[in-house]
Amino acid sequence: MLVDLGASFQIDSCTYSEEEDLWFVTASASDQGAAAAEEYIEYQKAKMAESNMVLMFGHLLVEMGEYIKAEKYFYAILYSSNPNDEEIACIYHNIGRAHRRKGEFDRALQCFNRSYQTHLTARPPRLMSAAKTINAIGILYIEQGDIHKAQESFERALKLYTRTVNRHHPDIGGTLVNLGNIFCQQGDYDQASIYFKRAEKIFQRRLPSNHPNLALSLNNFGNLHYQKNEYEQAMNAFKIAHELKEKILPPDHPDLAGGAYNLAVLHTIHNEHELANQYFEKSNNCTLPESHPFRQMLKSNTILRESTTDTQVEDIENEEPTEYPILRL
C-alpha cells in the first residue's frame, strides 16, 4: 500500500480475533495529524529536494528510530550499488549514527572516523560534511563520559562550520547546544545558558515551529533548571518539549522515551507518584535494544520502578541532581 507523505488516519476501532489470532483495525482518513505536522513535512520536503534521495530515505529511518532497518539499508547500498566517494562517507556517517543510538559505541566511532577522514582528504575537502561527523563524534564521547574529548570535537566542528556556512545555520545551533551541555555538566550554568540561548535563536529563525530541534532546545533549558534545583521551571520546559515531540515522532521513538523519563523523575520529586509511574511506563516503550545504556538505567532505577514513599521522596530532594540523571537528547 502506498501512502502519500503527510497522510494520516484516525483509528476508529481495534479488536482481536482469537479464532484467527489477528488484530482488526478500522481506520478512516483524517487531516488532523497532517495539519499538526504540515510545516515540518514541508521543511523535510525542501531538504529532500536538495539531497540524495537514496541516502535521505536511510537518514529518515534513523530519525524515526528504526536503527536496525537503517543499518541494513545503508549496508545494502554500500555493497549492492556503486556509490561514489562522497556517498560512501555519508553512508558510514549514518551507519555510525545508527550504532550510536543502539549503544554500540566502538562500532559507531569506527564508522564516524572513516567518514570524517574521507571528507577531509577529498579534493577539495568537504568541510561542512566533516563538521557534521566530528560533531557526531563529540556526542559519542559525551555518551561515553569523556567530556574533554567531546568538548574538543564540538569546538573543532564549530570552526569548520564557520568556514563553510553562515552563522545562523541550524547545524551551528546543534553544536552550540552540545557545547552548552558540556558547560552544564561542568557546573558553569551561566555559560551554558548563553550557548543554549544562541542555539534557540537560530532554531526559531531557521526551523519550522514544530521541528524536533526546538524540543531539543527546550529540553536543554529543562536540564539547566534541573541542575540548578529549579524543578518547577524544569517541569514546564520538559512538558512543552515532550508535547512538541509527540506531534512529530513515532510513539516508540527513543527521544519520547527519554522525555517521559525526565518527567517521571520530576513528578517523583514532587511526590506525584501516579503521574511518575505513568511516565516511567512510557519511558519503557521505545525501539532501543535491551543492551542499551538507557535500558540498563531504567532497570537499575528502583526508586522509579517501585512505589515510592514520602521518606524516599524526601531523600530524592536532598540528593544531588546527578543521582537521577536527566537525559540530554
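Residues numbered from 1 in each chain as written. Predicted model: local features only at pLDDT ≥ 70, side-chain atom pairs only at ≥ 80, totals over all residues. Heavy atoms only, no water.

Taking an unreviewed UniProt entry as the reference, the chain is identified by name as Kinesin light chain belonging to Adineta ricciae.

(A) Here's a closer look at the side chain of His99. Looking at where His99 falls in the secondary structure, it is placed in helix 4 (residues 85-101). In contact with His99, not counting residues within four places along its chain, are Glu71, Tyr75, Glu104, Arg107, Ala108 and Cys111. (Helix = DSSP H or I, 4+ residues; strand = E, 2+ residues; numbered from the N terminus. Contact = heavy atoms within 4.5 Å.)

(B) How the structure looks around the pairing of strand 1 (residues 8-17). Alignment of strand 1 against strand 2 (residues 22-30), held across 9 bridges, turns out to be antiparallel. Looking at the pairing, Ile11 lines up with Ala27 of strand 2. In this antiparallel pair of consecutive strands, strand 1 and strand 2, the connection spans 4 residues, and Asp21 shows a positive phi of 55°. (Pairing = 2+ DSSP bridges.)

(C) Spotlight on the packing of aromatic side chains. Considering all chains together, one arrives at 8 aromatic pairs under this definition. When the centroid spacing of 5.8 Å and the interplanar angle of 70° are considered together, the rings of Tyr73 and Phe74 count as edge-to-face. Measuring from centroid to centroid gives 6.2 Å for Tyr261 and Phe294, while their planes differ by 85°, and the two rings are edge-to-face. You can see Tyr261 sitting in helix 12 (residues 254-269) and its partner Phe294 sitting in helix 14 (residues 293-300), a full 33 residues away along the chain. Each residue in the set Phe57, Tyr73 and Phe74 is aromatic and connected to the rest through ring pairs, giving one cluster. Positioned above the aromatic ring of Tyr195, the side-chain terminus of Arg198 is 5.6 Å from the ring centre. (Phe/Tyr/Trp six-rings, centres within 6.5 Å; stacked < 30°, edge-to-face > 60°. Lys NZ or Arg CZ within 6 Å of the ring centre and 35° of its normal.)

(D) Spatial organisation of the nonpolar core. Leu160, Ile172 and Leu176 are the most contacted members of the largest nonpolar core, which has 42 residues in total. Among the elements of the structure, helix 5 (105-121), helix 6 (127-144), helix 7 (147-162), helix 8 (170-185), helix 9 (189-206), helix 10 (212-227) and helix 11 (231-248) are those that each provide at least two residues to this core. With 8 residues, the top contributor of residues to this core is helix 6. Setting aside its immediate chain neighbours within four residues, Leu176 contacts Leu158, Tyr195, Arg198, Ala199 and Ile202. (Core = buried A, V, L, I, M, F, W, Y, C linked by side-chain atoms within 4.5 Å. Buried < 20%, exposed > 50% of the residue type's maximum accessible area, 1.4 Å probe, protein only.)

(E) Quick look at the environment of Asp188. Examined against the element boundaries, Asp188 turns out to sit in the loop between helix 8 and helix 9. Within the local environment of Asp188, its side chain forms a polar contact with the backbone nitrogen of Gln191, the two atoms lying 3.3 Å apart. (Polar contact = N/O pair within 3.5 Å; in protein donor to acceptor, adjacent residues only side chain to side chain.)

(F) How the structure looks around helix 13 (residues 273-283). For helix 13, the full list of buried residues reads Ala276, Tyr279, Phe280 and Ser283. Across the axial projection of helix 13, the buried residues extend over an arc of 105°, all falling on one side. Of the residues in helix 13, the exposed ones pointing more than 90 degrees away from the buried face are Glu274 and Glu281. (Arc of directions from axis to C-beta.)

(G) Representation of the pattern of salt bridges. According to the stated counting rule, one finds 11 salt bridges in the structure shown. Salt-bridge contacts for Asp85 lead to Arg126; the nearest nitrogen and oxygen are separated by 2.8 Å. With Asp85 in helix 4 and Arg126 in the loop between helix 5 and helix 6, the pair connects residues that are 41 residues apart, well separated along the chain. Residue Asp85 is classed as partly exposed on the basis of its relative accessible area of 41%. Put simply, Asp171 and Lys132 hold a salt bridge, and the shortest N to O gap is 2.5 Å. Here Lys132 lies in helix 6 and Asp171 lies in helix 8, a separation of 39 residues in the sequence. Here the salt bridges do not stand alone but share partners, grouping Glu71, Lys102, Glu104 and Arg107 into one network. (Salt bridge = Lys/Arg side-chain N within 4 Å of Asp/Glu carboxyl O.)

(H) Spatial organisation of the packing of helix 2 (residues 53-63) against helix 3 (residues 67-80). Contact geometry for helix 2 and helix 3: axes closest at 8 Å, N-to-C directions at 160°. Here helix 3 runs roughly antiparallel to helix 2, going by the angle between their axes. Taken as a pair, helix 2 and helix 3 cross one another with a handedness that is left-handed. Contact residues: Val54, Leu55, Phe57, Gly58, His59, Leu61 and Val62 in helix 2; Tyr67, Lys69, Ala70, Tyr73, Phe74 and Ile77 in helix 3. (Axes fitted to C-alpha atoms, helices over the stretch in contact; angles between N-to-C directions. Parallel < 35°, antiparallel > 145°, perpendicular 65-115°, else oblique. Left-handed = near helix turned anticlockwise from the far one by under 90°.)

(I) Representation of a nonpolar patch on the surface within the structure. A cluster of nonpolar side chains, namely Ile11, Tyr16, Trp23 and Val25, defines an oily patch on the protein surface of about 470 Å² accessible area. Secondary-structure elements contributing two or more residues to the nonpolar patch are strand 1 and strand 2. Topologically, Ile11 is positioned in strand 1. (Patch = residues over 30% accessible without salt bridge, like charges linked within 9 Å, V, L, I, M, F, W, Y side chains within 5 Å. Areas by Shrake-Rupley, 256 points an atom, 1.4 Å probe, with all protein chains shown as cover.)

(J) Seen up close, the layout of surface pockets. Looking at the second largest pocket, its volume works out to about 150 Å³. Contributing to the lining of the second largest pocket are Leu158, Thr162, Arg167, His168, Ile172, Leu176, Arg198, Lys201 and Ile202. With 3 residues, helix 9 is the largest single contributor of residues to the lining of the second largest pocket. Here the residues of the lining of the second largest pocket sort into 4 nonpolar, 2 polar and 3 charged. (1 Å grid on protein atoms, 1.4 Å probe; cavity = no way out; pocket = protein on both sides within 12 Å on 5 of 7 lines; lining within 4 Å. Points joined across faces, edges and corners; volume = space filled by probe spheres on them. Nonpolar A, V, L, I, M, F, W, Y, C, P; charged D, E, K, R; others polar.)

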